[in-house]
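Remarks on the overall topology
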Amino acid sequence: MPSRRDLANAIRALSMDAVQAANSGHPGMPMGMADIAEVLWNDYLRHNPANPRWPDRDRFVVSNGHGSMLLYSLLHLTGYDLSLEEIRNFRQLGYRTAGHPEYEPDVGIETTTGPLGQGLANGVGMALAERILAARFNRPGYEVIDHYTWVFAGDGCMMEGISHEACSLAGTLGLGRLIVFYDDNGISIDGEVEGWFTDDTAGRFEAYDWHVVRDVDGHDPDAVRDAIEEARRETRRPTLIVCKTIIGWGAPNKQGTEATHGAALGDDEVALTRENIGWHHPPFVVPDDLREGWDARERGRELETGWQRLMGDYGGEYPELHEELIRRLDGRLPDGWADAAERAVEALSKTGGDVATRKASEKALDAFGPLLPELVGGSADLSGSNNTIWKGSRKIRGGEFDGNYLHFGVREFGMTAALSGMSLHGGLKPYGGTFLVFSDYARSAIRMAAIMRRPITLVLTHDSIGLGEDGPTHQPIEHLASLRLIPDIRVWRPCDVTETAVAWREAVENRDGPFVLALSRQTLPFQARDANQMAAIRRGGYVLKDCEEEPAAIIIATGSEVGIAVQAAAALAKEGVAVRVVSMPCVEAFRAQDAAWQDAVLPPGVAVRLAVEAGVPDTWHPFTGPLGAIIGMTRFGESAPGKVLFEHFGFTAANVAEQVRRLVQGNRS
Ligand SMILES: Cc1ncc(C[n+]2csc(CCOP(=O)(O)OP(=O)(O)O)c2C)c(N)n1
Ligand SMILES: [Mg+2]
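Now for a look at the structure at hand. As the structure is a prediction and not an experimental result, all values here were calculated from the model.

We now examine the pairing of strand β12 (residues 457–461). Most of β12 sits inside the fold, with five of its five residues counted as buried. Strand direction decides the pairing type here: strand β11 (residues 429–435) and β12, joined by five bridges, are parallel. Residue Gly433 lies in a different strand from β12, and its bridge partner there is Val459. In this view, the connection linking β11 to its parallel neighbour β12 by way of helix α18 (residues 439–451) has right-handed handedness.

Structure follows, in structure tokens:
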């Protein structure tokens, strides 16, 4: 029988050897947290290496993602489909053992981590999703959703502001199934944290209404076990286990110092570590008895089989709930969704009239929401402004999870990372709202959602200077363009109720990356469309108003500027200037269309083009070309009523028409 220490040393050896082989990586954290991980994974974690997607598995998140080798070692040793070849090729092209963990549900990597603190916020979202689904689906005797979310976090995670947002919310919500191990090793990259991090972290978490287990020796398996037992007894509050550890434990000359944090130990120190910890095996060799000690496949199979049996009985007793749960976990939309959604879009279009697109978004939620029990969302304390509450919204509060609406509080970053966590968990379609201008606060989490291709929806209202009197601090200028710069994101900026409904439908149907809905505060005019145009909206760019003859110019506009473009085109038509108006609510969707579509909407022969968008012009140069022009914002806004600002900055039909005339004349001369 190998000792617990021997088992933990397998993590240490694989980690230091993989980092040494790559000559790059972070041995300190895996060597420091190995003993904790060994207890958690061998004694508590409910998982099945043969089926990493088992829905009722415990979730395990390494928020201090630089310790990726800890995770890879655990996955490899317990029997996931992560071979020794993968470990040997740590940080190399084409292998799943990336520098930092990259979401890979087929090998048990639950989320992408590395930007410190965000994994913790993902974990909060996962634990929240678990409680929401448990409240919806569990019945007496049938705890079909019943798992923990375990998070490893370091000093860096605790220093990051997002840990405050996410953990404060977790405390208020009472996420008793969330258990976080804080790697309290006193070291970060610059050295001993005393100089820059002297918080009373335990006291801080108690103030959030967390249950805190203090002063746990992270190298004493019994102490770790006791702490976990205590955490599991606490059901109302999340638990923080403060583990005192030594970074790089086992490396005789380097342990306890920042030298082990992010660099290979070096051949000499690796050899000395082998001696020191009694690991007498060549690199990447794990003896059979240790492999057996780690192998979790049989127990995993039993655990999942037990759950499958429970689900079978549940299906007998509650066939409809069972079917619904399976649908939700599979991420399938309800039967009949496509037709119902189509009818809802048509109905909204018929009755919508002139409304702010934020209001149109609420109408869309009212229409789609009843069809989508998986829809769970909220706002970062701007519910009334973001119009994120719909008729079927039921509030989720501390300890009460039988709802679908979350008051996230003023926590844009934490909210967005938690939305990804909910989406990663599965069974829910999360959305969250704030002002477009505050997407900056959430930006890194939006980026991570895109990296992981998480289908979360961000309802970002007050999308231009059109919001008016709140002034430049609240007026987004660069935000549309800068969000569009993020790969694998879709930014929709609809111009009226119909486009808003279609944008929401696309967001609901999307399974692949975040959606931003940029919505107006101010009322926007309804645009009439024929059936072809209705069908074309989802292509992201289409002809909204055309002329009989070959257009002399094309105006491309989005959102609140579309109505202005349409007016300008009508005025120009009276003067005999034939103008086409292209509405382009989603540049990314348009770019994804084939060349035939793109050329039909924007014929290459029509080189006189004017783009109009109340944001920085940068998106539009490729569309307007050398003979075109852009009406945009090249400076911050002003405090004044929205209408005044639209005049002031040239977002009027008169100015749009004037610029088109100028372009057309310039092109003739
Ligand atoms: C948001 C963010 N900022 C900076 C970094 C770079 N970085 C990676 S690890 C680290 C120090 C983390 O210290 P700690 O969590 O205590 O890790 P330990 O050295 O104890 O393993 C820093 C600054 C990062 N990964 N993410
Ligand atoms: Mg540290």
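Still more ground to cover, so stick around.
The periodicity of an α-helix, 3.6 residues per turn, causes residues three or four places apart in sequence to face the same way. Counted at 1.5 Å a residue, the expected span for helix α9 (residues 221–233) with its 13 residues is 18 Å, and the 18 Å between its end C-alpha atoms agrees. Three or more residues of α9 are buried, namely Pro221, Val224, Ala227, Ile228 and Ala231. The buried residues of α9 occupy an angular sector of 125° when projected down its axis, which confines them to one face. For α9, exposure combined with an orientation more than 90 degrees from the buried face picks out Asp222, Asp226 and Arg233. Buried-residue contacts for α9 involve α1 (4–22), α2 (28–44), β2 (149–154), β3 (178–184), β6 (211–217) and β7 (239–244). Measuring from the backbone nitrogen of Asp222 back to the side-chain oxygen at the start of α9 gives 3.0 Å, which picks out Asp220 as the cap.

A few words now on the site of ligand 1. Taken together, 15 residues are adjacent to ligand 1, and His66, Gly156, Asn185, Ile187 and His261 come closest. Here a nitrogen atom of ligand 1 and a backbone polar atom of Gly114 are 2.8 Å apart. The separation between an oxygen atom of ligand 1 and a polar side-chain atom of Asp155 is 3.0 Å. Contact with the protein chains removes 75% of the 590 Å² of surface that ligand 1 exposes when unbound. At the level of elements, α6 (155–159) and β4 (187–188) are the ones that each hand at least two residues to the shell around ligand 1. Partitioning the shell around ligand 1 into residue classes produces six nonpolar, seven polar and two charged.

Reading guide: rules and limits
Residues numbered from 1 in each chain as written. Chains lettered and ligands numbered in written order. Predicted model: local features only at pLDDT ≥ 70, side-chain atom pairs only at ≥ 80, totals over all residues. Heavy atoms only, no water. Buried < 20%, exposed > 50% of the residue type's maximum accessible area, 1.4 Å probe, protein only. Helix = DSSP H or I, 4+ residues; strand = E, 2+ residues; numbered from the N terminus. Pairing = 2+ DSSP bridges. Right-handed = clockwise from strand over helix to strand, strands pointing away. Expected span 1.5 Å × (residues − 1). Arc of directions from axis to C-beta. Contact = heavy atoms within 4.5 Å. Polar contact = N/O pair within 3.5 Å; in protein donor to acceptor, adjacent residues only side chain to side chain. Near = heavy atom within 4 Å. Areas by Shrake-Rupley, 256 points an atom, 1.4 Å probe, with all protein chains shown as cover. Nonpolar A, V, L, I, M, F, W, Y, C, P; charged D, E, K, R; others polar.

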